[in-house]
Amino acid sequence: QVQLVESGGGLVQAGGSLRLSCAASGRTFSSYGMGWFRQAPGKEREFVAAIKWSGSITYYADSVKGRFTISRDGAKNTMYLQMNSLKPEDTAVYYCAAQPEGRYLSRRLGEYNYWGQGTQVTVSS
């Protein structure tokens, strides 16, 4: 059973930074794809970034490219999302997610089977 626990959300002013963490347990994640998604009030959940656990492949949504960086620490079984130059439109609940083992890395929400509970990020103007 894969378990994902996010942390690191909070309130920050526009232009500020936050780092989200996703602690993973229950499997050896060496062949997993992992991702970050977000959901703003009244909107659908959307893709933010994804990383192959090996670190060899990363994807970003155009809206965050150049501002957000996804990474992982294999020794800690933890994935991160460093968010810089935050904007009010980045306000959302951020979720980490994992694909089933051995799949091609995906940006599609439906390709992820395992989800964390979410962490709130609020960016004030």
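Residues numbered from 1 in each chain as written. Predicted model: local features only at pLDDT ≥ 70, side-chain atom pairs only at ≥ 80, totals over all residues. Heavy atoms only, no water.

Participant: Is there a simple way to think about the nonpolar core in this case?
Facilitator: The nonpolar side chains of a soluble globular protein tend to be buried, and buried together. With 36 residues, the main nonpolar core has Met-34, Trp-36, Met-79, Leu-81, Met-83 and Tyr-94 as its most contacted residues. The set of elements that each furnish at least two residues to this core consists of strand 3 (18–25), strand 4 (33–39), strand 5 (46–52), strand 7 (68–73), strand 8 (78–83), strand 9 (92–98) and strand 11 (119–124). (Core = buried A, V, L, I, M, F, W, Y, C linked by side-chain atoms within 4.5 Å. Buried < 20%, exposed > 50% of the residue type's maximum accessible area, 1.4 Å probe, protein only. Helix = DSSP H or I, 4+ residues; strand = E, 2+ residues; numbered from the N terminus.)

Participant: Would you explain the pairing of strand 1 (residues 3–7) in this entry?
Facilitator: Two faces, one strand: in a regular strand the side chains alternate between the faces of the sheet. The alternating pattern of strand 1 places Leu-4 and Glu-6 on a buried face, while none of Gln-3, Val-5 and Ser-7, on the opposite face, is buried. Two elements, strand 1 and strand 3, share 5 bridges in a ladder whose sense is antiparallel. Paired with Leu-4 across the strands is Ala-24, a residue of strand 3. (Pairing = 2+ DSSP bridges.)

Participant: Is there a simple way to explain the pattern of salt bridges in this structure?
Facilitator: Between side chains of opposite charge, pairing is possible as soon as their charged atoms come close. Scanning all chains against the criterion turns up 6 salt bridges. A salt bridge links Asp-90 to Arg-38, with the shortest nitrogen-to-oxygen separation between them at 2.9 Å. Of the two residues, Asp-90 sits in the loop between strand 8 and strand 9 while Arg-38 sits in strand 4, which places them 52 residues apart along the sequence. Across the pair, Arg-38 and Asp-90 agree in class, each one buried. The shortest N-O distance in the salt bridge between Glu-111 and Arg-108 comes to 4.0 Å. (Salt bridge = Lys/Arg side-chain N within 4 Å of Asp/Glu carboxyl O.)

Participant: It is not clear to me how the pairing of strand 7 should be interpreted in this structure. Could you clarify?
Facilitator: With 6 bridges joining them, strand 7 and strand 8 adopt antiparallel strand pairing. Pairing of Ile-70 across the sheet is with Leu-81, part of strand 8. What sits between strand 7 and strand 8 in their antiparallel hairpin is a turn of 4 residues, with Asn-77 showing a positive phi close to 50°.

Participant: Which parts of the structure should I look at to understand the environment of Ala-14?
Facilitator: Assignment of secondary structure puts Ala-14 in the loop between strand 2 (10–13) and strand 3. Along the primary structure Ala-14 and Thr-58 are separated by 44 residues, whereas in three dimensions their C-alpha atoms are 25 Å apart.

Participant: Just to check I follow, could you spell out unusual backbone geometry for this structure?
Facilitator: Glycine aside, residues mostly have negative phi, and peptide bonds are mostly found in the trans state. In this structure, Asn-77 takes a positive phi of about 50° despite not being glycine. Within the fold, Asn-77 resides in the loop between strand 7 and strand 8. The residue Ser-85 is not glycine, and still its phi comes out positive at about 50°. Within the secondary structure, Ser-85 sits in the loop between strand 8 and strand 9.

Participant: Where do I start with the side chain of Ser-21 in this structure?
Facilitator: Residue placement: Ser-21 occurs in strand 3. Excluding residues within four positions of it along the chain, Ser-21 makes contact with Val-5, Glu-6, Ser-7, Trp-36, Thr-78, Met-79 and Tyr-80. (Contact = heavy atoms within 4.5 Å.)

Participant: Can you walk me through the state of the cysteines in this structure?
Facilitator: By definition, a disulfide links two cysteine residues through a covalent bond between their sulfur atoms. In total, this model carries 1 disulfide according to the counting rule given. For Cys-22, the disulfide goes to Cys-96, at an S-S distance of 2.1 Å. With the S-S bond torsion at 55°, the cross-link from Cys-22 to Cys-96 turns out right-handed. Taken together, the positions of Cys-22 in strand 3 and Cys-96 in strand 9 put the pair 74 residues apart, joining distant regions of the chain. (Disulfide = S-S within 2.5 Å.)

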